[in-house]
Structures are given as C-alpha cells and as structure tokens.
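# Coordinate inspection notes
Here is what each chain is made of, one letter per residue.
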Amino acid sequence: MFKKILIANRGEIALRVIRTCKEMGIKTVAVYSTADKDSLHVRFADEAICIGPAPSNESYLDIPRIISAAEITNADAVHPGYGFLSENSKFSRICTENGIKFIGATPEQIDGMGNKAQAKSTMEEAGVPCVPGSKGLVKTTAEAKKIAKKIGYPVMIKASAGGGGKGMRFIPSEDELEELMDSAKRESAACFGNDDMYMEKFIEEPRHIEIQIIGDQTGNACHLSERDCSTQRRHQKLVEEVPSPFMTKKLRDEMGQAAIKAAKAVKYEGAGTVEFLVDKHRKFYFMEMNTRIQVEHCVTEEVVGFDLIREQIKVAAGYKISGKNYTPQLHAIECRINAEDPINGFRPSPGKINELHTPGGHGIRLDTHVYSGYAIPPNYDSMIAKLISVAQTREEAIAKMKRALDEFIIEGIKTTIPFHIKLMENETFVNGGVTTKFLEEVEFDYSDMK
Ligand code: MV4
C-alpha cells in the first residue's frame, strides 16, 4: 500500500481524499495556491506545499510544480480528484515516468476517451450500443449532408475534441447544415485547437444516465449501478440520484453489462463512468466515458455502502476487485450547492461566508470545504458543498433533502439552495419525469422566498 499520497486538487474533493487516506493510515500532502492558504485541505493534510498564485494555470494546472511538490515530500502516489489534471494524459505519463503512481487512467485511456469519435468507434467494436451516425469523422459539408440524409434529420454535429456541449450543434434540416457545421468547427477550433467533427442522429428529450464502473489491474471490472444526472442546466449537473426513477431491473442489467464491456475493451483500471443517453423507449446509447472520480460519486457510495476513494486507492495499489455487480438497496439524492444566484441567472457569487449552519440528522451527508468566516475565492469552480440525502424510498429521500435544505443557512453569499428547494417541490421532479430538456424550459418563481 502507498505510504504517502499527494492530492493534486482543492476544495471538497481534496478534503474527501484526505479523509479516506487518514482512515487507511496513508500520509497526505496537500498542494495549494495562495488564494487557498486558509482552506481546510491545507489544514487537514499532514503536509502542505504552496505551488503558486491563484490562477489555476500557475498552480493546480502546473505539472512541474506539482511533480516537484511530490518529489520534495517523497509522495509515492498522486490523487488528481476531478477537474484540473484528472484527465490530463501528459500528467498521468509524467507521474508514471517519475515513479509516482497516478491514481487514475493511463495516458492511452485518457487520450482514447478524450477523442470522442475514436471513443465511439472503440465502443462500437466492443458491442456497446451507440447513436447511429457517421463512421468516424465527417470531413466536408457534402459528406455531412449525405450522412444526414441517410440517418434522417434532425441530427447533431459534435466536436471530436469536445464534451460538455462545446462545439456541438442541433441541425434541424439540410438548409441549416452548412452554417451550423461551420460555426461548430470554429467554436471547436477556438476551444480545443482542433475542429474534427462527427455526426449523430438527434435523440429527443433524452435522460442522462451513467454507470459507475471499477476495474482492477487483472482486467476484471464490475458496475456499481447507475446515476441519473438529467437535472442539468447548460451542461452543468445540479442534482444526481440513484436509482434513476426511469430505471428498470432489465435496463440496469443491460446498461451495466454494456458499461462492463466498455471498461474491459480498454482494460480499464480504477473508477470510471460510462455515460449514456436514454430515450423515451428506454433505448440507451453510449455518450462518453469519464476516466476519473466524479463529483457525484457520493450517491453511489451511499447506496452500495462502500467508499469509492478507498476502492480507487486499493486498485491503484494492485488489489483485486470482487467482480460482483451492485444493485442499489437505498435511494440517494445529491444537490450541488454552488455560490451562484439562481434568481439572477445563476450568476457567480463569491465572497465571505458570514454565518453558516449546516444540516445534519438521519440520512444526511454533507461534503464541503467551507466554514463560517471562509472566503470563497473567485478563481475556481463555484461548487461549495454537496448535500446528500439517503433513505429507503425516493419519496423519503426527497422529504429528507427538503428538510435539510431548510436547515441549511449560508449568509454573506448567494447560493443555489433556493433552486433546490423549488426543485424538490416541483411536480415533474417529484414524479421522476425530468429529462435533459427540463431545466431549459422551466423557470421557478422565487417571489414567495425570503
Ligand atoms: C446528444 C443529444 C441528443 N442526441 N446527442 C450534450 C453534451 C454532450 N456530452 C452530449 N449532449 C447531448 N448529445 C444526440 N445524438 C443531447 C445532448 C444533450 C444533453 C446530454 C446530456 C445531458 C444534458 C444535455 C443537454 C442538452 C443536450
């Protein structure tokens, strides 16, 4: 087992990893920017090294500085968390070349999944259902028109280097194709320095359902059931839950088997997520594979009953997984609490937390790095807490979440708490009818809130 892990991240996930390391008797090294000198991950780690100023490019994304910190402190492994360098193949490679175990995917797996057109081909070959569309890249608009005509409009054109909706366009008919494909190419070139495109048939009002998988160094892999992440706004997830209210035993089994095929096809080691689009007929299609621990891993932990960070560390150290798949026995919901004002278009609201009262009680978990008096820096992601409720049924989990949101007091900044209170009372959400289109269409009325 590792003796000392450097956590190349900040915020709640850095704290999350430190907690598990402590429980496992592994020493921890925090790295931090000057903006984070008063952060809890700095205080709770065994050692902490300042790696630069507030901008991520000069701190949490600066590979040489992080490798130096690992060498100075004699860390034998690095946990990258999510975001930052977690899916950076160069970082994964440099860690390995320096004799530091990267707790995550290999450079080949990161690049293979980062290239979305290639990832789709790999999955198709492995027998994972994919959305009908182009075989690989679409080079010209003439070729695009030919393929679109064959699969039928509407279609989606997607950037191969993309993800999170960047460089993606909905094309209703041939008339708009040329203009939309050109603009997608320009956006992709500007964002990713690459304008490769592929095409898919448009899936109407899909749900975003992902499968958590874990693989070990012997090539064995299992799934830990699904997470429904359909409650998104502009490709930002706001709520995740398991089981999906749309799930059936048969669908879980089929999606789980497809996700295991996906993992085995790339000999996946560690924790990963296979994302699917699910249409109204419960047909599912591979969308992307994430080669990292995700923000929403906690809901899975609550329903399967084990610590995913611990499992990640164990497989990275060479332990074998049991190979058994999991069916959720409980219901868990996560609300992302962001320092954003939902009443004003989710505008960022960094600043000092003057007063904080955190919820607790039966079935409530709160993962956060904030405390009373903490100043949220404007430089990073706006997520400040993850509130998770766990209960026997969905109805009870919603009731618990509502109760916990009402107890949650954060003064000095605006947060997404009012949004979540409204969502927990929304008929479509309560009925389990949320698709990825829901938050594009609904506008909550906050006038009755203080
Ligand atoms: C789609 C789609 C419909 N049909 N692909 C959005 C982000 C990117 N990862 C894939 N996305 C979509 N791809 C086809 N063929 C609809 C979306 C989509 C979406 C997917 C997941 C979660 C939220 C979404 C919001 C809008 C569109």
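Higher on the page you've got the structure.
All of the points below concern the structure found in this document.

Conventions we followed
- Residues numbered from 1 in each chain as written.
- Predicted model: local features only at pLDDT ≥ 70, side-chain atom pairs only at ≥ 80, totals over all residues.
- Heavy atoms only, no water.
- 1 Å grid on protein atoms, 1.4 Å probe; cavity = no way out; pocket = protein on both sides within 12 Å on 5 of 7 lines; lining within 4 Å.
- Points joined across faces, edges and corners; volume = space filled by probe spheres on them.
- Helix = DSSP H or I, 4+ residues; strand = E, 2+ residues; numbered from the N terminus.
- Nonpolar A, V, L, I, M, F, W, Y, C, P; charged D, E, K, R; others polar.
- Core = buried A, V, L, I, M, F, W, Y, C linked by side-chain atoms within 4.5 Å.
- Buried < 20%, exposed > 50% of the residue type's maximum accessible area, 1.4 Å probe, protein only.
- Domains from an automatic or database assignment.
- Contact = heavy atoms within 4.5 Å.
- Axes fitted to C-alpha atoms, helices over the stretch in contact; angles between N-to-C directions.
- Parallel < 35°, antiparallel > 145°, perpendicular 65-115°, else oblique.
- Left-handed = near helix turned anticlockwise from the far one by under 90°.
- Expected span 1.5 Å × (residues − 1).
- Phe/Tyr/Trp six-rings, centres within 6.5 Å; stacked < 30°, edge-to-face > 60°.
- Lys NZ or Arg CZ within 6 Å of the ring centre and 35° of its normal.
- Polar contact = N/O pair within 3.5 Å; in protein donor to acceptor, adjacent residues only side chain to side chain.

### As for empty space enclosed by the protein
Here the idea is plain: a probe the size of a water molecule rolls over the atoms and shows the empty space left. Tallied over the entire structure, the rule returns four cavities of 30 Å³ or more. Estimates place the volume of the largest cavity at around 70 Å³. Looking at the largest cavity, the residues that line it are Asp 228, Ser 230, Thr 231, Val 239, Glu 241, Pro 245, Arg 394, Phe 429, Gly 432 and Val 434. Secondary structure elements with two or more residues in the lining of the largest cavity: β10 (221-233) and β11 (236-242). Residues that form the lining of the largest cavity fall into these classes: four nonpolar, three polar and three charged.

### Brief notes about the nonpolar core
Among the nonpolar cores identified, the biggest contains 50 residues, and Leu 6, Phe 91, Met 255, Phe 276 and Phe 286 are the most heavily contacted of them. If you tally residues by element for this core, the top one is helix α9 (residues 249-265), at six residues. Per-domain counts for this core show at least three residues from each of domain 1 (4-103) and domain 3 (207-440). For Leu 6, the contacting residues outside a window of four places in its chain are Val 29, Val 31, Ile 66, Ala 69, Ala 70, Ala 75, Ala 77, Val 78 and His 79.

### A closer look at the packing of helix α7 (residues 141-151) against helix α8 (residues 174-192)
At a closest axis distance of 10 Å, the pairing of α7 and α8 adopts a crossing angle of 140°. Here α7 lies oblique to α8, going by the angle between them. Of the two elements, α7 crosses α8, and the hand of that crossing is right-handed. Residues Thr 141, Ala 144, Lys 145, Ala 148 and Lys 149 of α7 form the contact with α8, whose own contacting residues are Glu 174, Leu 177, Glu 178 and Met 181. When its residues are assigned to classes, the contact of α7 with α8 shows four nonpolar, one polar and four charged.

### Quick word on helix α1 (residues 11-23)
A rise of 1.5 Å per residue sets the reference length of α1, with its 13 residues, at 18 Å; its end C-alpha atoms lie 19 Å apart and thus fit the reference within 8%. Burial runs high along α1: ten of the 13 residues are buried. Those residues of α1 that sit buried are Gly 11, Glu 12, Ile 13, Ala 14, Leu 15, Arg 16, Val 17, Ile 18, Thr 20 and Cys 21.

### Description of the packing of aromatic side chains
If you walk through the whole model with that rule in mind, you get eleven aromatic pairs. Ring plane angle 35° and centroid distance 5.2 Å describe the contact between Tyr 60 and Phe 84, whose orientation is recorded as tilted. Here Tyr 60 is found in the loop between β3 (47-52) and α3 (63-73), whereas its partner Phe 84 is found in the loop between β4 (77-79) and α4 (89-97), with 24 residues between them in sequence. Among the aromatic residues, those joined into a ring-pair cluster are Phe 346, Phe 419, Phe 444 and Tyr 446. One cation-aromatic arrangement involves Arg 43 over Tyr 371; the distance from NZ or CZ to the ring centre is 5.8 Å. Over the face of the ring belonging to Phe 246 we find Arg 207, whose NZ or CZ atom lies 3.9 Å from the ring centre.

### Some remarks on the side chain of Glu 301
Considering the arrangement of structural elements, one finds Glu 301 in helix α10 (residues 297-304). In this structure Glu 301 comes out as buried when scored by relative accessible area, which is 6%. Within the local environment of Glu 301, its side chain forms a polar contact with the backbone nitrogen of Leu 308, the two atoms lying 2.7 Å apart. Beyond its immediate chain neighbours, meaning those up to four positions away, Glu 301 contacts Arg 16, Phe 306, Asp 307, Leu 308, Ile 309 and Arg 365.

The values are spatial; any link to function lies outside them.
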